[in-house]
Amino acid sequence: MTDLDGPGHHRAKGPGEGPEAVAAQITDAVESLVALWSVAAQEASLRLSPHQLRALRTVQAAPGLNLTALADGLDIGLPTASRLCDRLAAAGLLERVPHPVTRREVQLWLTTHGQRVLDDVAVRRAQALTAALAAMKPAERAALSRGLRGFLSARATLPPETGSPEDS
């Protein structure tokens, strides 16, 4: 129930700031954040596609995972994951190591260079987000912080596989 008044200008049709109007505002904010995230990542020392970045972050979160777990985590096929890892290994960002017990299985590990690239992306993203937040008025930042805490608290009460109470 929104009236598009140009890019990023959703307005509620009717009284108040109902869930639909706020959802539209959050959609705009998330799209803006994704753009900020993407630009910051592209300014890093090594440009990576969003898929490559996700793969490296997945390996960072679970060092030593195998190719099947990576493919499952990225929701891609095993051949696609294998080609993705080939490219990351060729760039010196990822290392494939035979599993110490199951020789047919390969473990995936970030290289030192891969970790430095992820650190660079994280720093650039934090700087970009900090700059955007610094441009806000202190009261707006405080309201945003309170709102995010409230959102996370409310979201935690919903079943994990749903987005709203009506879905359960």
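Before any of the text, the structure's been laid out above.
Computed from a prediction, not measured in an experiment: that's the story for all the values here.

Definitions and limits used
Residues numbered from 1 in each chain as written. Predicted model: local features only at pLDDT ≥ 70, side-chain atom pairs only at ≥ 80, totals over all residues. Heavy atoms only, no water. Helix = DSSP H or I, 4+ residues; strand = E, 2+ residues; numbered from the N terminus. Buried < 20%, exposed > 50% of the residue type's maximum accessible area, 1.4 Å probe, protein only. Contact = heavy atoms within 4.5 Å. Areas by Shrake-Rupley, 256 points an atom, 1.4 Å probe, with all protein chains shown as cover. Salt bridge = Lys/Arg side-chain N within 4 Å of Asp/Glu carboxyl O. Core = buried A, V, L, I, M, F, W, Y, C linked by side-chain atoms within 4.5 Å. Axes fitted to C-alpha atoms, helices over the stretch in contact; angles between N-to-C directions. Parallel < 35°, antiparallel > 145°, perpendicular 65-115°, else oblique. Left-handed = near helix turned anticlockwise from the far one by under 90°. Nonpolar A, V, L, I, M, F, W, Y, C, P; charged D, E, K, R; others polar.

Asks: In this structure, what is going on with the overall build of the protein? I would like to understand it.
Replies: A count of helices and strands for the protein gives six helices and four strands. Counting across all 168 residues of the protein, residues that qualify as buried make up 24%. Looking at the protein alone, contacts between residues at least 24 apart form 41% of all its contacts between residues at least 6 apart. For the protein, the exposed area adds up to about 11100 Å²; of that, 59% sits on carbon and sulfur atoms.

Asks: Before we go on, may I ask you to explain the pattern of salt bridges in this structure?
Replies: Side-chain pairs of opposite charge can arise whenever the charged atoms involved come near each other. Tallied over the entire structure, the rule returns two salt bridges. Between D86 and R96 there is a salt bridge; the shortest N-O distance is 3.3 Å. With D86 in helix α4 (residues 78-90) and R96 in strand β3 (residues 94-98), this pair connects stretches of sequence that are ten residues apart. We classify R96 as partly exposed; its relative accessible area is 31%. Taking the shortest distance from any N to any O, the salt bridge between R124 and D120 comes out at 3.0 Å. Of this pair, R124 and D120 both sit in helix α5 (residues 112-134), separated by four residues, roughly a single helical turn.

Asks: Mind showing me how you'd approach the nonpolar core here?
Replies: One broad rule of soluble globular proteins: the nonpolar side chains tend to lie buried together. In terms of nonpolar packing, the biggest core is built from 24 residues, with L56, V59, L70, L88 and L108 touching the most fellow members. Aside from chain neighbours lying at most four places away, what touches V59 is L65, L70, L94, L108, W109 and L110.

Asks: Please explain unusual backbone geometry as it appears in this structure.
Replies: In this model, D75 sits at a positive phi of 60°, which is unusual for a non-glycine residue. Within the element layout of this structure, D75 appears in the loop between α3 (67-74) and α4.

Asks: Would you take a moment to explain the packing of helix α1 (residues 19-42) against α5 for this structure?
Replies: Relative orientation and spacing of two packed helices are given, respectively, by the angle between their axes and the distance between those axes. At a closest axis distance of 8 Å, the pairing of α1 and α5 adopts a crossing angle of 135°. By the angle class used here, α1 and α5 are oblique. Crossing of α1 over α5 shows right-handed handedness. Across the interface between the two elements, L33, L36, W37, A40 and A41 of α1 pack against V121, R124, R125, A128, L129 and A132 of α5. Among the residues forming the contact of α1 with α5, the class breakdown is nine nonpolar, no polar and two charged.

Asks: Any chance you could explain the side chain of H99 here in plain terms?
Replies: Looking at the secondary structure, you find H99 in the loop between β3 and β4 (106-110). Setting aside residues no more than four positions away along its own chain, H99 makes contact with E105, V106 and Q107.

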